[in-house]
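Each chain, written out:
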Amino acid sequence: MMEMIKKFRLPILIGFIYVVLALFVPIAASRSTKVLWDYFKEMAMIMPPVFLLMGLMEVWVPKNEIQKWLGSGAGIRGGVISFVLGTLPTGPLYVAFPMTAALLRKGASITNMILFLGSWAALKIPQLMIEIKFLGIPFTALRFVLTLAGLIAMGFIMETALGHRSVDKWLPPEDEEAGNGMKGKMKI
Amino acid sequence: MGTFVTIYSLLGISLVLSLVKSREKTKKAFKVAGKALLKSAPSLLAVLGIVGLTLGVLTPDTISNLVGAEAGFMATIAAAVIGAVTLIPSLVAFPLAGSLLRSGATVMTISAFITTLVMVGVVTAPMEIKTLGKKFTVLRNGLGFLVALIIAGIMGLIL
């Protein structure tokens, strides 16, 4: 029981904020609840297939393949693949986090994963279309080029900051048994 | 809609291939997926809750009032912060940015807003931390914020 409460403390806290909001600013609370429900429906549709795809990748794709195509030895080709994969119309960014974790575990480089996440978030093709429509081609093109350059720089900085240690040192463990909020106690 | 079609057709094809090749391994994939989904449930719920709160409180009207038609450095910083802490669908965000631009906000302010909006995700941080770790999340979002400000500065100078 305590375990459960501990695990869900953030959602519970947020629930409290909703209650407080409902008491003091009911209009904002009802707007929030509507948004919550819309996003919940979207997530409930997207997350299960995404996790299943990751499970399949986990089981079928060998580590050295990912390393070969997206690892630090893959050079510019690896960067281009990560970038192209990111720009495909594949949905909201939170879908990409578990994918990125799985790819990192399979040997993808940090630089490539920053490019993947970054282009997923900032340079998606459908999003660029909307941007061109409302902010014009010069704005969109300039932001595209600068963002790409910025992402490459971020990738190199993060590779330097994290890359010298093995992935297990900073990436959360895959199965949660070890990390159930008991980490401190279990170590002793 | 396109998202669903892409993901579900990809899943359909992969599942059929996987089942044809090995039932055992497919079963294992389901197990891995179920475990990962359960593990992410609390942070998914948290993200949902925060998205609802920010969008409920920070409506497009409120954002226009905050960013306003004011020029200047403070408006740009405010726009960058609002962009970082909200998660607005592009179909709402870009028209809003366009109308702010026409009503007198500077290119620097608008590019700060758009760039932090897409690059920095305070709202999705619980999920990012859960899957990719605190260090990675803080570095990616922190650097993203800095890069966004630099991009905004350059765009303000050029356009």
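Refer to the structure printed above.
Residues numbered from 1 in each chain as written. Chains lettered and ligands numbered in written order. Predicted model: local features only at pLDDT ≥ 70, side-chain atom pairs only at ≥ 80, totals over all residues.

*Asks:* Mind showing me how you'd approach the overall build of chain A here?
*Replies:* Of regular secondary structure, chain A possesses 10 helices and zero strands. In chain A, the order of α-helices and β-strands from amino to carboxyl end is α-α-α-α-α-α-α-α-α-α. Projected onto its principal axes, the C-alpha positions of chain A cover 55 × 55 × 30 Å. Split into buried and exposed, the 188 residues of chain A put 35% on the buried side. Considering only contacts in chain A between residues 6 or more positions apart, those separated by 24 or more positions represent 76%. (Helix = DSSP H or I, 4+ residues; strand = E, 2+ residues; numbered from the N terminus. Buried ≥ 20, exposed ≤ 12 C-beta atoms within 10 Å, placed from the backbone. Contact = placed C-beta atoms within 7 Å.)

*Asks:* Help me out: how do you make sense of the packing of helix 3 (residues 26-60) of chain A against helix 6 (residues 96-105) of chain A in this one?
*Replies:* The relative placement of two packed helices comes down to the angle between their axes together with the axis-to-axis distance. Residues and elements named next belong to chain A. Across the interface, helix 3 lies against helix 6 with an axial gap of 10 Å and an inter-helix angle of 5 degrees. The orientation of helix 3 relative to helix 6 falls into the category roughly parallel. The segment helix 3 lies against helix 6, with Val50, Phe51, Met54, Met57 and Glu58 engaging Pro98, Met99 and Ala102. Looking at the contact of helix 3 with helix 6 residue by residue, the classes come out as seven nonpolar, no polar and one charged. (Axes fitted to C-alpha atoms, helices over the stretch in contact; angles between N-to-C directions. Parallel < 35°, antiparallel > 145°, perpendicular 65-115°, else oblique. Nonpolar A, V, L, I, M, F, W, Y, C, P; charged D, E, K, R; others polar.)

*Asks:* Would you take a moment to explain the nonpolar core for this structure?
*Replies:* Generally speaking, a soluble globular protein has its nonpolar side chains buried in company with each other. The biggest cluster of nonpolar side chains holds 88 residues, and the ones touching the most others in it are Val47, Ala97, Phe113 and Ala148 of chain B. Per-element accounting of this core gives the leading share, 13 residues, to helix 2 (residues 23-57) of chain B. Discounting chain neighbours no more than four positions away, the residues touching Val47 of chain B are Tyr94 of chain A together with Val123, Thr124, Pro126 and Met127 of chain B. (Core = buried A, V, L, I, M, F, W, Y, C linked by C-beta atoms within 7 Å.)

*Asks:* Help me out: how do you make sense of the environment of Ile81 of chain A in this one?
*Replies:* Residue and element names in this part refer to chain A. Within the secondary structure, Ile81 sits in helix 5 (residues 75-87). As a C-alpha pair, Ile81 and Asn112 span 31 residues in sequence and 8.5 Å in three-dimensional space. Look past the residues within four positions of Ile81 in its chain and what remains in contact with it is Trp69 and Leu70.

*Asks:* For this particular structure, what's the right way to read the interface of chain B and chain A?
*Replies:* When the parts of a complex come together, some accessible area is lost, and that lost area is often used as the size of the interface. Taken together, the contact pairs 68 residues of chain B with 66 residues of chain A. Counting residues per element, the side of chain B that touches chain A draws most heavily on helix 2 of chain B, which supplies 25 residues. Taken together, the residues of the side of chain B that touches chain A break down into 42 nonpolar, 18 polar and eight charged.

*Asks:* Mind showing me how you'd approach the environment of Leu66 of chain B here?
*Replies:* Residues and elements named next belong to chain B. In this fold, Leu66 is placed in helix 3 (residues 60-67). Residue Leu66 is classed as partly exposed on the basis of its 14 C-beta neighbours within 10 Å. Between the alpha carbons of Leu66 and Ala78 there is a distance of 7.4 Å; along the sequence they are 12 residues apart. For Leu66, the contacting residues outside a window of four places in its chain are Ala78 and Ile82.

Fair warning: the whole summary comes from geometry, so function is off the table for now.
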